[in-house]
Structures are given as C-alpha cells and as structure tokens.
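# Observations on the model geometry
Here is how the chains run, residue by residue.
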Amino acid sequence: MQHILITGGNAGIGKETAVALARKGAKVIIACRDLEKAKQAVSEIKSITKSQEVRALHCDLANLDSVRTAIQNYKERFGRLDILINNAGLITDKLQFTKDGFEMQIGVNHLGHFLLTTELMDILHRSEEPRIINVSSHAHYKGKINFDSFRGEQGPKSYSAMQAYRQSKLANVLFTKELARRYSFCYSHSLHPGVVSTAIAEKNDNGILWRGMWKVFKPLFLSPTNGAKTTVYLASSPEALKTNGKYFCKQKEKAPAKLAEDEALAKKLWDVSTQLVSKYIS
Ligand SMILES: NC(=O)c1ccc[n+]([C@@H]2O[C@H](COP(=O)([O-])OP(=O)(O)OC[C@H]3O[C@@H](n4cnc5c(N)ncnc54)[C@H](OP(=O)(O)O)[C@@H]3O)[C@@H](O)[C@H]2O)c1
C-alpha cells in the first residue's frame, strides 16, 4: 500500500487532498501543527472515505525541533514513504518569527519543508516511484529571493506580507527544480492550486482588513475539493512520471517565472537553506 505524507492535511486543500488519496486506496498520514485538530481531521477523513488507513503526525513547521522529531517519529512508525506532499502554508500580514528566528513565511513555507524533505529522501529512495509535490502559487511569478530577509532583517515597518509570501512561493518552485536535478530517482513537481476558498488569510493573527477582504471574496473562489485536483493529479497520474521538476496548474504543465529557472539561484537557495537548518540535519 502506498504511503503518502501530507503537511497541513487537517484543513483546506490539504484535507481534500487527503480525502481524494485515501479514496484511491493509499495510506495517508497528515502532518499537522495542532495534534487535536489533526485527530479530528483523521476521524472526518475516515468517515468520509470509509478508509481506516489515515493517521496523524505532529509536525510544527515553525519549529525545526518539532520537524526533526516528526521525521524520526515518521520513520519509526511507518518505515515507508512513497509520496511527500508539502502542502502546508501560511500568509501573515505582520512580521512574525518562527521558533528558530526565521521570518514566518519563508520559515514555514520553505525552510521547515526543506528540512522535512531532505531528511526523508532516504526512505523515499526505497520507494519504487517516489514523488514529491510542493504546493506553490502563481504568487511566485512576482517573487524575488532576498537572502537578507530570511530573519526579518528589514524590520516590521518595511515588511511587506505579499513580498514575503511571493518569496516563499518562488522558493517552493526553485526547491522543486533543484530536487529534480539532485535526485533524478524521484519525481518532484510544484503547482498552483488555483485561488481557493480556504481560511488561509483568516489565521495567524492577521488583522481585520485581511480577514474581511478574504471573507468577502471567498465565495468567488474554487472549492477546496477543486483546489486539490492538481495535487491529486500529480500524486496519482502516470503522466506526472514522464517529466521532472516541472510547474503545474489545472493539471497541466505551465512555464514558471524566469527567475524560477535560474539554476545558480536554486543552488544558492539550497546551500543557504542547508546552512540555516544545519543544526537539525542528521
Ligand atoms: N487558498 C489559496 O487560494 C491558495 C492559492 C495558492 C496557493 N495556496 C497554497 O496552498 C497551500 C494550502 O493552503 P490552504 O489554502 O489550504 O490554506 P489552509 O486551509 O489555511 O491550510 C493550510 C494548512 O497548513 C497548515 N499550517 C500552517 N502553519 C503550519 C505550521 N507551522 N506547521 C504545520 N502546518 C501548518 C495549517 O494548519 P492549521 O489548520 O493549524 O492552521 C493548515 O493545515 C499553501 O501552501 C498555500 O500557500 C493556496
């Protein structure tokens, strides 16, 4: 039975991805920052899909110690991994920091996933057809990587939430491409899920403006079930095994930003990320 690990599988796009893949007969493990929410989601996913093969794993991507523990726990409890879906993500309207002192969006959306992924490559390697799926966003098209902002060096007054989000989502695409270059045995792709009616902008102490705007426009967006379709396609279709390191939208390959094709930048991001998480590498 295929083992699929989904970060942020307790809500939004991640939860619908878990439902779809459990229905297809996979064992699905959802990695979440709040274990109570995760357990609740596990029982809901089990009840919707009638599958008993759904599990929860605690993993707070804003705390590298927690990511390290999650990696160990995952290996001990499950011992097998076929597909890793790096779906969890957040947007914060104010400058916030992870436990390790990184700006929250680059810390959770990229660095936490970087540690998780690179430290799970050994068990992914044992799978016949390993896949990694990184949920990015079209927001990456306007992204730039400013290595001097990873610790929030610009300060709260000059902080731009959108710049930080775009940067983290460009990092997802660059990371995917570098994964494909370094680990050709594994099929790594990134994607844009669409603009999806989830609670992403209403969390993490975001102010009334963000919450209000998001709530007003939410009814116009894709349902989370539809928002999960490209992730599910990349996790299950044989077509996704014909290419590597590509960017997808609406279940089709799409050219990413020019900057996302910059190999030197991808390598530098890899090296800087390795150095930033080095304390937690086994
Ligand atoms: N919604 C959109 O329109 C849209 C568009 C483009 C890309 N995306 C991307 O799609 C992905 C899923 O977002 P969504 O829209 O489904 O939002 P969501 O409903 O808020 O789901 C995000 C998931 O990430 C989890 N998460 C947040 N911080 C975490 C942390 N520190 N450690 C572990 N898990 C954490 C959340 O946990 P909690 O439930 O505890 O908050 C939740 O399970 C994100 O990567 C996002 O950037 C979304």
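For the structure given in this document, a descriptive report is provided here.

Every one of the 30 residues lining the ligand counts as a neighbour, but Asn10, Arg33, Tyr165, Val196 and Thr198 are closest to it. Gly8 is positioned with one of its backbone polar atoms (N or O) 3.2 Å from an oxygen atom of the ligand. With the chains in place, 97% of the 890 Å² that the ligand exposes on its own is no longer accessible. If you list the elements that add at least two residues to the shell around the ligand, you get α1 (12-23) and α6 (161-182). Taken together, the residues that form the shell around the ligand break down as 15 nonpolar, 10 polar and five charged.

With that settled, consider the pattern of salt bridges. Counted under the stated rule, the structure contains 13 salt bridges. A salt bridge links Lys27 to Glu53; the shortest N-O distance between them is 2.9 Å. With a gap of 26 residues between them, Lys27 in strand β2 (residues 27-32) and Glu53 in the loop between α2 (35-49) and β3 (54-58) connect regions that are remote in the sequence. For Lys27, a relative accessible area of 12% puts it in the buried group. Classification of Glu53 as partly exposed rests on a relative accessible area of 25%. Across the salt bridge formed by Glu53 and Arg55, the nearest N and O atoms sit 4.0 Å from each other. Among the charged side chains, a network of salt bridges with common partners joins Glu178, Arg181, Arg182 and Glu263.

Time to look at the pairing of strand β1 (residues 3-7). Within a regular strand, side chains alternate between the sheet's two faces. Within β1, five of the five residues are buried, which leaves it mostly tucked inside the rest of the structure. The side-chain alternation of β1 yields two buried faces, one formed by His3, Leu5 and Thr7 and the other by Ile4 and Ile6. Each parallel crossover has a hand, and the one from β1 via α1 to β2 is right-handed. Across three bridges, β1 lies against strand β4 (residues 83-86) in parallel orientation. If you follow Ile6 over to β4, its bridge partner there is Ile85.

Time to look at the pairing of strand β6 (residues 187-192). Taking burial as the measure, the six residues of β6 include five buried ones, the bulk of the element. Summarising the sheet, strand β5 (residues 131-135) and β6 pair through five bridges and their orientation is parallel. Opposite Ile132, over in β6, you have Ser188 as the bridge partner. Of the strand pairs in this sheet, β6 and strand β7 (residues 247-249) are connected by three bridges, and their pairing is parallel. Note on β7: the bridge partner recorded for Ser190 is Tyr247.

A few words on the packing of α1 against helix α9 (residues 229-236). With their axes 9 Å apart at the nearest point, α1 and α9 run at an angle of 40° to one another. Classified by the angle between their axes, α1 and α9 sit oblique to one another. Two packed elements cross with a definite hand, and for α1 against α9 that hand is right-handed. Between α1, through Thr17, Ala20 and Leu21, and α9, the contact on the second element is made entirely by Thr231, Val232 and Ala235.

With 14 residues, helix α10 (residues 263-276) should reach 20 Å at 1.5 Å per residue; the first-to-last C-alpha distance of 20 Å fits that figure. Burial in α10 covers these residues: Leu265, Ala266, Leu269, Trp270, Val272, Ser273 and Leu276. Buried residues in α10 make contact with α4 (104-125) and α6. Two or three places before Ala264, at the opening of α10, Asp262 has a side-chain oxygen 3.1 Å from that residue's backbone nitrogen.

Definitions and limits used
- Residues numbered from 1 in each chain as written.
- Predicted model: local features only at pLDDT ≥ 70, side-chain atom pairs only at ≥ 80, totals over all residues.
- Heavy atoms only, no water.
- Near = heavy atom within 4 Å.
- Polar contact = N/O pair within 3.5 Å; in protein donor to acceptor, adjacent residues only side chain to side chain.
- Areas by Shrake-Rupley, 256 points an atom, 1.4 Å probe, with all protein chains shown as cover.
- Helix = DSSP H or I, 4+ residues; strand = E, 2+ residues; numbered from the N terminus.
- Nonpolar A, V, L, I, M, F, W, Y, C, P; charged D, E, K, R; others polar.
- Salt bridge = Lys/Arg side-chain N within 4 Å of Asp/Glu carboxyl O.
- Buried < 20%, exposed > 50% of the residue type's maximum accessible area, 1.4 Å probe, protein only.
- Right-handed = clockwise from strand over helix to strand, strands pointing away.
- Pairing = 2+ DSSP bridges.
- Axes fitted to C-alpha atoms, helices over the stretch in contact; angles between N-to-C directions.
- Parallel < 35°, antiparallel > 145°, perpendicular 65-115°, else oblique.
- Left-handed = near helix turned anticlockwise from the far one by under 90°.
- Contact = heavy atoms within 4.5 Å.
- Expected span 1.5 Å × (residues − 1).

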